[in-house]
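Close look at the chain arrangement
These are the residues of each chain, in order.
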Amino acid sequence: MSIPVLKFDAVIVGAGGAGLRSAIQLSEAGLKTAVLSKVFPTRSHTVAAQGGVAASLGNSEEDHWHWHMYDTVKGSDWLGDQDAIEFMVRKANECVVELEHYGMPFDRTDNGKIYQRPFGGHMSNFGEKPVRRSCAAADRTGHAMLHAMYQRNVKANTQFFVEWMALDLVRDAEGHVIGVTAMEMETGQVVIFHTRATIFATGGAGRIFYSSTNAFINTGDGLGMAARAGIPLEDMEFWQFHPTGVAGAGVLITEGVRGEGGILRNSSKERFMERYAPNAKDLASRDVVSRAMTTEINEGRGCGVNKDYVLLDITHLDPNTIMKRLPGIREIGLQFAGVDCIKEPLPVVPTCHYQMGGIPTHYSGRVVVPHNGDHNSIVPGFYAAGECACASVHGANRLGTNSLLDLLVFGKSAGDSAVEDLKSGKAHRELPKDAADKSLARIAALDSRKGGANVHETRLAMQRTMQTHAGVFRFGDLLKSGVEKILEVEKAARQLEITDKSMAWNTARTEALEMENLIEVAKATMLSAEARKESRGAHVRDDAPDTPEFPNGRNDQEWLKHTLFNSADNSITYKPVTMQPLTVEPIALKTRSY
Amino acid sequence: MSKRTVQFSIYRYDPDKDEAPYMQDISVDIEPTDRKLLDALTKLKAKDDTLSYRRSCREGVCGSDAMNINGKNALACLTDIDDLKQPIVLRPLPGLPVIRDLIVDMTQFFKQYHSIKPYLINNDPPPERERLQSPEEREELNGLYECILCACCSTACPSFWWNPDKFVGPAGLLAAYRFLADTRDQATSERLDNLEDPYRLFRCHTIMNCVDVCPKGLNPTKAIGKIKDMMVGRAV
């Protein structure tokens, strides 16, 4: 079957923060670039980020990138690669200042500089006390950032393909990535984008869980495409549960609320974080706070009729501060909890928020896989950045505000790397005759299948399984049965049926294709989590408890290594963590406490 | 809140099979935890996968799920089900071509947004650090930069309905003033020239539908008034 082929120098899949930042590099370098997005760019989920972007600008007090590096390594529970982390924190100031130059409306200090607020896990002087490092535009930092970057792309004449869904990666016989297949949602038309560089910036997959702060569109499309094309997924057992999602609704309440002075309280109004993190208290790292909250609830100190949430209290703050620094949070409280946070505390629970793992990349943004004994062999033509990628800077637990920094720094470096690699002027590699066959077969199967599984029910089964078997606290036996269950769901997900057969804006088809991506992520998560027999960062299991030999349950002798999950045969391999930074001494292993 | 049944009357049109649009009467059972209209639509979509609408963040920041709800433009994710009279009448945003069901073709809307050069223009070489702006100068951007481009306002505006190709519309003009009000932007006269036209700016007749429907509580009419003041100011 012959389908249209569009030739570009580069294609960027995804127009959230990472995609838009990459696009600026490519467009300003004059490369013919296509940016594909399922949604109009400013609707990408970066828009929902609230609290800020980390950079050691030191606008309100002394700060240093080296302190930021220490905090990030410690936050990662030493699973982050220290070369990538040093690279990121040292680029932070430059990337944030660039955004300001693009027009981003940061809040300001009295002397006109970018306003900065404290955030969880960000400390001065190697872990001493909280520091103001989060650069913020009220509590709408992601919105302000995404719009500023879209606007810069309008200025740079970037070519967008809006409401196009990428379907599969196209690789040739030598394994080079030479483009993607994609579907125009309005018409159902499938097209091949034939390129010399392919950058994935497809975001996360928080929708594998039942309760998530993530948007409907966060379905791990890039991870699904990579997995189907034989690329392993790295560290997928590590998922961040944000401490403060609105109970019931899941909508995010920024950690910036605690940065501005908010306090978590249990049913007896106790500030319980003092017991779990005597130094950082409510501003401890997210995994620590989420576990503390879950423990309070599990031990009967939760609030409400069912004692199933805790309270986030800012009633002691000046209402003017709330209106100025946290206006969006007040709106969210009114809309989704029916609570005015100026007068009453907000009901909150830990909610799935961010995927630390992803497509394995070097800090240059190039995708790397094991090959012939090399753990990090470059896949020519393939780049990834942002939440879909694993550089790895977040390791086992990401610090708040480091995600917006990640997408800026690695979006830019992936773009720069593509520009550099394309300078050589290499021709497009030949497109295999069967380049689109896999995608066309997936769509044909959806359109013709009878007696298959219902998309909505299959998704629900996956989400409930993930929530029950791979949540904030994990249990050896539940992980084992979770593996069986998720492999059952996978069978259903390979046999989906839809009733909508229209070619026009067929959202049933889109959701089925998304489900095929989600299940890749869910499976990688469950199997990687079951296999890791220790506790580290966000992955904490009952059969790896805190002991004198293994403080916090962390076992560095056996498990200081990255997981690589291969979807084709459900196998797992491992690769070492890079402990050597670029220019400074390694941050030595230590027991983590806040 | 309790378990309850919600009655709908929904605009349906699939160009692949329908000769003409029609209104479909349909109901759906919802759970006590379903608070917003989008929650009910999600339940409806599980029942009938052919129902088509845009949605993403479900918290009012992405601007995807704007639609005409009981005659008024709003976001489904910020509209309380229990505040709505039933049957809930859902139609696509008015004034734009319908692609399918509640999905409209937003090309014209974004064309107008792009026409105002929605990006900061400052031709000085960028300094090493951030450009300075006082908190008071920054406050001038409040009520302007928060726009989510949902198009509730422009598609509620009679002037935009009559002249979508010539009148920039409230969303585009709000964005225009966002850059005019920014102390870092240097293109004031170029921006005003770009709007000096019988249609682009001056078709606003302060009907204020835009203010009435904005889900973010913004006031495009006020911004348009300020642009008009700037026009007058420079004519003097």
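We now turn to the structure provided with this report. (Residues numbered from 1 in each chain as written. Chains lettered and ligands numbered in written order. Predicted model: local features only at pLDDT ≥ 70, side-chain atom pairs only at ≥ 80, totals over all residues. Heavy atoms only, no water.)

1. So, the overall build of chain B
For chain B, the count of helices and strands is eight helices and seven strands. Along the first, second and third principal axes, the C-alpha set of chain B runs to 60 × 40 × 30 Å. Every one of the 236 residues in chain B was classed for burial, and the buried ones make up 57%. When the accessible surface of chain B is split by element, carbon and sulfur atoms take 51% of a total near 10,000 Å². The positive charge centre, built from 32 side chains, and the negative charge centre, built from 35, are 1 Å apart in chain B. (Helix = DSSP H or I, 4+ residues; strand = E, 2+ residues; numbered from the N terminus. Buried < 20%, exposed > 50% of the residue type's maximum accessible area, 1.4 Å probe, protein only. Areas by Shrake-Rupley, 256 points an atom, 1.4 Å probe, with all protein chains shown as cover. Lys, Arg positive; Asp, Glu negative; His and termini not counted. Charge placed at Lys NZ, Arg CZ, Asp CG, Glu CD.)

2. Notes on unusual backbone geometry
Omega for the peptide link from A391(A) to S392(A) comes to -5°, which places this bond in the cis form. For K281(A), which is not glycine, the phi dihedral falls at a positive 50°. Counting through the fold element by element, K281(A) comes out in the loop between α7 (273-276) and α8 (286-298). With a relative accessible area of 25%, K281(A) lands in the partly exposed category. For L149(B), which is not a glycine, the phi torsion comes out positive at approximately 55°. Here L149(B) lies in the loop between α3 (135-139) and α4 (158-162). Given a relative accessible area of 2%, L149(B) falls into the buried group.

3. Overview of the pattern of salt bridges
Across all of its chains, the model carries 74 salt bridges over all chains by this definition. Measuring nitrogen to oxygen at the nearest pair gives 2.9 Å for the salt bridge that ties E174(A) to R429(A). Highlighted residues: E174(A) in the loop between β8 (164-171) and β9 (177-184) and R429(A) in the loop between α11 (402-423) and α12 (437-448), separated in sequence by 255 residues. For E174(A), a relative accessible area of 57% gives the class exposed. Between K36(B) and D80(B) there is a salt bridge, with its nearest N and O atoms 3.0 Å apart. Placement of K36(B) in the loop between β2 (22-30) and α1 (37-47) and of D80(B) in the loop between β4 (72-75) and β5 (88-91) is noted, with a sequence separation of 44 residues between them. Where salt bridges share partners, they join D77(A), E237(A), D287(A), R291(A), R532(A), E534(A), R536(A), R554(A), D556(A) and R592(A) into one cluster. (Salt bridge = Lys/Arg side-chain N within 4 Å of Asp/Glu carboxyl O.)

4. Some words on the interface of chain A and chain B
Contact with chain A, which involves 65 residues of that partner, is made by 60 residues of chain B. Carbon and sulfur atoms supply 51% of the area that chain A and chain B bury against each other, a total of about 5,100 Å² over both sides. Among the residues chain A hides against chain B, the three largest losses belong to R43(A), H101(A) and F216(A). Together they make up 15% of the total. On the surface where chain A and chain B come into contact, there are seven salt bridges. Across the pair D107(A) and R138(B) runs a salt bridge, and its minimum N-O distance is 3.3 Å. Looking at which element gives the most residues to the side of chain A that touches chain B, the answer is helix α4 (residues 141-155) of chain A, with seven residues. Grouping the amino acids of the side of chain A that touches chain B by side-chain chemistry returns 28 nonpolar, 22 polar and 15 charged. (Contact = heavy atoms within 4.5 Å. Buried area = accessible area lost by both parts, 1.4 Å probe. Nonpolar A, V, L, I, M, F, W, Y, C, P; charged D, E, K, R; others polar.)

5. So, the pairing of strand β3 (residues 66-69) of chain B
All names here are of chain B. Residues A66 and N68 point to one face of β3 and M67 and I69 to the other, with burial holding for every one of them. Judged from the four bridges that link them, β3 and β4 form a sheet pairing that is antiparallel. Note that in β4 the partner of A66 across the bridge is L75. Counting the residues between successive antiparallel strands, the hairpin from β3 to β4 contains two residues, one of them, N70, with a positive phi of roughly 45°. Direction of pairing for β3 relative to β5: antiparallel, over a ladder of two bridges. Bridge pairing in β5 links I69 to L90. (Pairing = 2+ DSSP bridges.)

6. With respect to α1(B)
All buried positions along α1(B) are accounted for by L37(B), L38(B), A40(B), L41(B), L44(B) and K45(B). Seen end-on, α1(B) carries its buried residues on one side only, within an arc spanning 155°. Contact partners of the buried residues in α1(B): α15 (507-531) of chain A together with β1 (4-12), β2, β3 and β5 of chain B. (Arc of directions from axis to C-beta.)

7. Concerning the environment of A151(B)
All names here are of chain B. Its location among the elements puts A151 in the loop between α3 and α4. With 42 residues separating them in the primary sequence, A151 and F109 have C-alpha atoms 7.2 Å apart. Those residues within four positions of A151 in sequence are excluded, and the remaining contacts are L93, M106 and F109.

8. What to know about the packing of aromatic side chains
Here the distance between the centres and the angle between the planes together describe a pair of aromatic rings. The tally for this structure, following the rule as stated, stands at 18 aromatic pairs over all chains. On the basis of an interplanar angle of 80° and a centroid distance of 5.6 Å, the ring pair of W164(A) and F193(A) is categorised as edge-to-face. Here F193(A) lies in strand β10 (residues 190-194) and W164(A) lies in strand β8, a separation of 29 residues in the sequence. Taken together, the aromatic side chains of F40(A), Y150(A), F160(A), F109(B) and F110(B) make up a single cluster linked through ring pairs. Positioned above the aromatic ring of F8(A), the side-chain terminus of K32(A) is 4.6 Å from the ring centre. (Phe/Tyr/Trp six-rings, centres within 6.5 Å; stacked < 30°, edge-to-face > 60°. Lys NZ or Arg CZ within 6 Å of the ring centre and 35° of its normal.)

9. Points about the nonpolar core
Counting 185 residues, the largest nonpolar core has F8(B), L41(B) and L90(B) as the members making the most contacts within it. Sorting elements by how many residues they give to this core places helix α3 (residues 82-102) of chain A first, with eleven residues. Among the nonpolar cores identified, the runner-up in size contains 81 residues, and V11(A), A493(A), W505(A) and V521(A) belong to it. (Core = buried A, V, L, I, M, F, W, Y, C linked by side-chain atoms within 4.5 Å.)

10. Brief notes about the environment of Q82(A)
Residue and element names in this part refer to chain A. By the element assignment, Q82 lies in helix α3. When its relative accessible area of 0% is taken as the criterion, Q82 is described as buried. Linking Q82 and L99, residues 17 residues apart in sequence, is a C-alpha distance of 25 Å. For Q82, the residues in contact, after removing those within four places along its chain, are M69, V73, T578, M579, Q580, P581, P586 and I587.

11. Focus on the sheet that holds strand β11 (residues 197-200) of chain A
Residue and element names in this part refer to chain A. Spatial ordering of the open sheet is given by β7-β3-β2-β11-β19-β18, a layout of six strands whose pairing is mixed. Each edge of the open sheet carries a strand with a single partner, namely β7 (159-162) and β18 (366-371). Pairs of neighbouring strands in the sheet enclose a mean axial angle of 35°, with direction left out of account. (Axes fitted to C-alpha atoms, helices over the stretch in contact; angles between N-to-C directions.)

12. Comments concerning the environment of S2(B)
All names here are of chain B. Position of S2 relative to the elements: it lies in the segment before β1. By relative accessible area, which is 43% here, S2 ends up partly exposed. Other than its neighbours up to four places away in sequence, S2 contacts I30, E31 and P32.

13. So, the sheet that holds β8(A)
Residue and element names in this part refer to chain A. Sheet architecture is open: four strands sit in the order β1-β10-β9-β8, paired in mixed fashion. Of all the strands in the sheet, just β1 (5-7) and β8 have a single pairing partner and so form its edges. Each neighbouring strand pair of the sheet contributes to a mean axis angle of 25°, computed without reference to strand direction. Across three bridges, the pairing between β1 and β10 is parallel. Residue pairing for β10: V5 is matched across the bridge by I192. Its contacts with the sheet place α15 against β8 and β9, and it is angled at close to 45° to β8.

14. Some details on helix α1 (residues 17-28) of chain A
Quick reminder: α-helices carry 3.6 residues per turn. Residues three or four places apart thus point the same way. Residues and elements named next belong to chain A. An ideal rise of 1.5 Å per residue puts 16 Å on twelve residues; α1 measures up with 17 Å between its terminal C-alpha atoms. Counting buried positions along α1 yields eleven of twelve residues, so the element is predominantly enclosed. Considered for burial, the residues of α1 that qualify are G17, A18, G19, L20, R21, S22, A23, I24, Q25, L26 and S27. Phi turns positive one or two residues past the end of α1, at G30, with a value near 80°. (Expected span 1.5 Å × (residues − 1).)

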